[in-house]
Amino acid sequence: MRLYNKLKRLRKYLLFFCDFIIWNFSFYFSFAINRNCFSLKGYEPEFLKSLAILNVCFSFIFILFRLYDKIWRYADIEDFFYVGLATVLANFAFCAASLAFDIHLGIRTFVLMAILSTFVMFMFRLVYRIDRMIERRNFPNKAKRRMLVVGAGEAALLMLSEFSKSPDNNYVPVCLVDDDNEKIGRRIAGLKVVGTTSEIPYVCEKYDIEVILFAIAVLPVNEKKRILDICARTNLEVKIVPNIYNLVASSKPVTAEIRQVEVEDLLGREPIIFDPEKYGDYICNKIVMVTGGGGSIGSELCRQVAKLSPKNIIILDIYENNAYEIQQELVREYGDSLNFEVQIASIRDKAKLEKIFEEKNIDVIFHAAAHKHVPLMEYNPEEAVKNNVFGTLNVVSLADKYNVKTFVLISTDKAVNPTNIMGATKRICEMIVQSMNKLSKTKFVAVRFGNVLGSNGSVIPLFKEQIKNGGPVTVTHPEIIRYFMTIPEAISLVLTAGGFAKGGEIFVLDMGEPVKIKDLAENLIRLSGLVPNKDIKIEYTGLRPGEKLFEELLMGEEGMKKTKSKKIYIGSSIEFDQDEFNEQLRLLYDYSQTNDKAMIEKTLAKMVPTFNHKQNAD
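This text gives an overview of the structure that appears in the document. Predicted model, so just to flag it, every value in this text is computed and none were measured. (Residues numbered from 1 in each chain as written. Predicted model: local features only at pLDDT ≥ 70, side-chain atom pairs only at ≥ 80, totals over all residues. Heavy atoms only, no water.)

**A few points about the overall build of the chain**
- Helix and strand counts for the chain stand at 21 helices and 22 strands.
- With 618 residues in all, the chain has 51% of them scored as buried.
- Counting only contacts in the chain whose residues sit at least 6 apart along the sequence, the fraction spanning at least 24 positions is 76%.
- Of the accessible surface of the chain, which amounts to about 30,100 Å², a share of 55% is contributed by carbon and sulfur atoms. (Helix = DSSP H or I, 4+ residues; strand = E, 2+ residues; numbered from the N terminus. Buried < 20%, exposed > 50% of the residue type's maximum accessible area, 1.4 Å probe, protein only. Contact = heavy atoms within 4.5 Å. Areas by Shrake-Rupley, 256 points an atom, 1.4 Å probe, with all protein chains shown as cover.)

**Re the packing of helix α11 (residues 296–306) against helix α18 (residues 487–500)**
- Where α11 contacts α18, the two axes come as close as 10 Å, and the packing angle between them is 65°. Our pair here, α11 against α18, has a crossing hand that is right-handed. Judged by residue contacts, Ser-296, Ile-297, Glu-300, Leu-301, Gln-304 and Val-305 of α11 engage Ile-487, Ala-490, Ile-491, Val-494 and Leu-495 from α18.
- Here the residues of the contact of α11 with α18 are counted per class, giving eight nonpolar, two polar and one charged. (Axes fitted to C-alpha atoms, helices over the stretch in contact; angles between N-to-C directions. Left-handed = near helix turned anticlockwise from the far one by under 90°. Nonpolar A, V, L, I, M, F, W, Y, C, P; charged D, E, K, R; others polar.)

**Topic: a nonpolar patch on the surface**
- On the surface, Phe-119, Met-123, Leu-126 and Val-127 cluster together to form a nonpolar patch covering roughly 360 Å² of accessible area.
- Mapping Leu-126 onto the fold places it in helix α5 (residues 107–137). (Patch = residues over 30% accessible without salt bridge, like charges linked within 9 Å, V, L, I, M, F, W, Y side chains within 5 Å. Salt bridge = Lys/Arg side-chain N within 4 Å of Asp/Glu carboxyl O.)

**Side note on the side chain of Glu-382**
- Residue position: Glu-382 is located in helix α15 (residues 381–401).
- Leaving out residues up to four positions away in the same chain, Glu-382 has contacts with Ser-592, Asn-595, Lys-597 and Ile-600.

**Concerning the pairing of strand β12 (residues 406–412)**
- Summarising burial for β12: seven of the seven residues are buried, a large majority.
- Neither face of β12 is left uncovered, since the one carrying Thr-406, Val-408, Ile-410 and Thr-412 and the one carrying Phe-407, Leu-409 and Ser-411 both have all their residues buried.
- Note: strand β11 (residues 364–367) against β12, four bridges, orientation parallel. Each residue of the ladder has a partner; that of Ile-365, found in β12, is Phe-407.
- With seven bridges joining them, β12 and strand β13 (residues 443–449) adopt parallel strand pairing. (Pairing = 2+ DSSP bridges.)

**A look at the pattern of salt bridges**
- This structure, assessed with the given rule, holds 16 salt bridges.
- Between Glu-300 and Arg-303 there is a salt bridge whose closest N-O contact spans 2.9 Å. With Glu-300 and Arg-303 both in helix α11 and three residues apart, this pair spans about one turn of that helix.
- Judged by relative accessible area, which is 24%, Arg-303 ranks as partly exposed.
- The network of salt bridges with common partners includes Arg-145, Glu-237 and Lys-239.

**Quick word on the nonpolar core**
- With 46 residues, the main nonpolar core has Ile-365, Phe-407, Ile-428 and Leu-588 as its most contacted residues.
- When residues in this core are grouped by element, the largest group, nine residues, is from helix α16 (residues 421–437).
- Non-local contacts of Phe-407, meaning those with residues more than four positions away in its chain, are made with Ile-365, His-367, Val-395, Val-396, Ala-399, Val-433, Thr-442, Lys-443, Phe-444 and Val-445.
- Core analysis: the second largest hydrophobic core is formed by 39 residues, Val-290, Val-305, Phe-366 and Met-485 among them. (Core = buried A, V, L, I, M, F, W, Y, C linked by side-chain atoms within 4.5 Å.)

**Overview of the packing of aromatic side chains**
- Considering all chains together, one arrives at 17 aromatic pairs under this definition.
- Where Phe-27 meets Phe-47, the ring centres are 5.3 Å apart and the plane angle is 20°; that geometry is what we call stacked. Here Phe-27 is found in helix α2 (residues 11–34), whereas its partner Phe-47 is found in helix α3 (residues 44–64), with 20 residues between them in sequence.
- Exposure remark for Phe-47: the relative accessible area of 7% places this residue in the buried category.
- Ring centres of Phe-357 and Tyr-402 lie 6.0 Å apart, and the angle between their planes is 40°; on these two criteria the pair is classed as tilted. Within this pair, whereas Phe-357 is found in helix α13 (residues 350–360), its partner Tyr-402 is found in the loop between α15 and β12, the two being separated by 45 residues in sequence.
- A relative accessible area of 2% means that Phe-357 is categorised as buried.
- By relative accessible area, Tyr-402 is classed as partly exposed at 21%.
- Linked through ring pairs, Phe-27, Tyr-28, Phe-31, Phe-47, Phe-94 and Phe-110 together constitute an aromatic cluster. (Phe/Tyr/Trp six-rings, centres within 6.5 Å; stacked < 30°, edge-to-face > 60°.)

**Describing the pairing of strand β5 (residues 211–214)**
- Burial along β5 is two-sided: Val-211 and Leu-213 facing one way and Ile-212 and Phe-214 facing the other are all buried.
- Strand direction decides the pairing type here: strand β1 (residues 145–150) and β5, joined by four bridges, are parallel. The residue of β5 that forms the bridge with Leu-148 is Ile-212.
- Taken together, the four bridges between β5 and strand β6 (residues 237–240) define a ladder with parallel strand orientation. Considered in β6, the bridge of Leu-213 is made with Lys-239.
- Regarding the hand of the β-α-β motif, the stretch spanning β5, helix α8 (residues 221–232) and β6 is right-handed. (Right-handed = clockwise from strand over helix to strand, strands pointing away.)

In structure tokens, the structure reads:
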């Protein structure tokens, strides 16, 4: 082993020595052929003088081209091109130098020398490259899983190259499929393109495939969903390659970037992307507060706001662990180049909030702090009211008092015709924002969206954990459906809404078609390489308290108005009696302080006429 490591360190010198032998042998052979005699007797002075010039020319050119800095087991066509170019130039230099020193070897010697040296140089490196490939292909792979690669483009080539370089990986690529008919039947990195994506189930059965790698880096999302749905029908595990630009930019090994298929890949619609050039001016060089800044939505808001050159970010959260995590992440990412601070405080504590507002001269507030867990709030309605309603009222009133320019409330589709306490409290938050907007110079708006994938309390992490543990996967009802969006999409909506804000709007995202939770669970099981209700059982547990079969994004009276974005709409304001609303708020406050659950529910029903509270919705 020590000898091997020592030879490895001397690799470039050994390669130079081999090249030295090759070009010296090539010259001797060419010299001898030109003279029809392999004996050098009588030609020693001429041969040795020429040999010295040859070695100087070839050594100089080959070192100049840095041929010994390359790792030839990973050589590609560009590397071989440079070998050919260096060899041709070295031969040309040798010919010119020989003539300059008045050495006339004959044109046939130079031509033979050029052909022979170039050919042997190529073959030497090619044989070494092929030998390494064969060595890797013959590496014991009894434990390796047979892999089908979907896609025969740049991402697939990059992955196949990485697999060939890493004999200790867990997969052995067998074949490829691609929808480009011109590629079918041809080979990429030694593997054959055997069919189209519609033939994936047949190909998997024919070639005894155990895992599928989706390796198409750029594809319309509806087409991506179509192919992934086909993959799901095979009941094989499906892996996916991220964006090819991320692969190139990543400092990690390429194979380390392969990931499980996520629900985001199955949404089947184009993602919402925030355009900072159009809508980011209201954040640039401004002081921005994010309440609930340590939560899943709040922390992503902090990340995205940090990219828009704010003057300062105030991260406000009552839970210090979450706040600490986003603080450390921003420190690692930006160091001293980003001004931000963490305030540990509850939105219920108006005195603490007022002190912060007095000191900070805040320009923009993103209000993400809330209790949002539906079943828990059913059993703790007084806490939902204290935090969601009166915590929001505290922040709203202080935003007005201290002349904040823009206030964006994070709301939910559960506020529409609510059937649970949490949804009713969020609807009241929207009403507070809209009523305050009529009285204030601050632009108050709300942003309403559906379930956020990967957020705290989301069903997807629960499903993944249940699958990981062998099941069962629990679904409340076989017909329950939900709208879904990704965390980046949610933040894009929030940031864009702030840029659109004129005051009083409720912004709604076009979230495409709702997804049946049962189908979602089945697809996640299939894409994990398992069979629903065979390997992993799906259990229906019944609707939870306050839960309904489907969510709505708009109430009937709100209607739908277009915005500059094709994916974002505005719900019209619903008028209500302000004096009556204020009186009911006072009553609700009193009942929450005495923890009177029955009166809290009755007051919520009066304040939100569409509130149809069901302890177990049908």
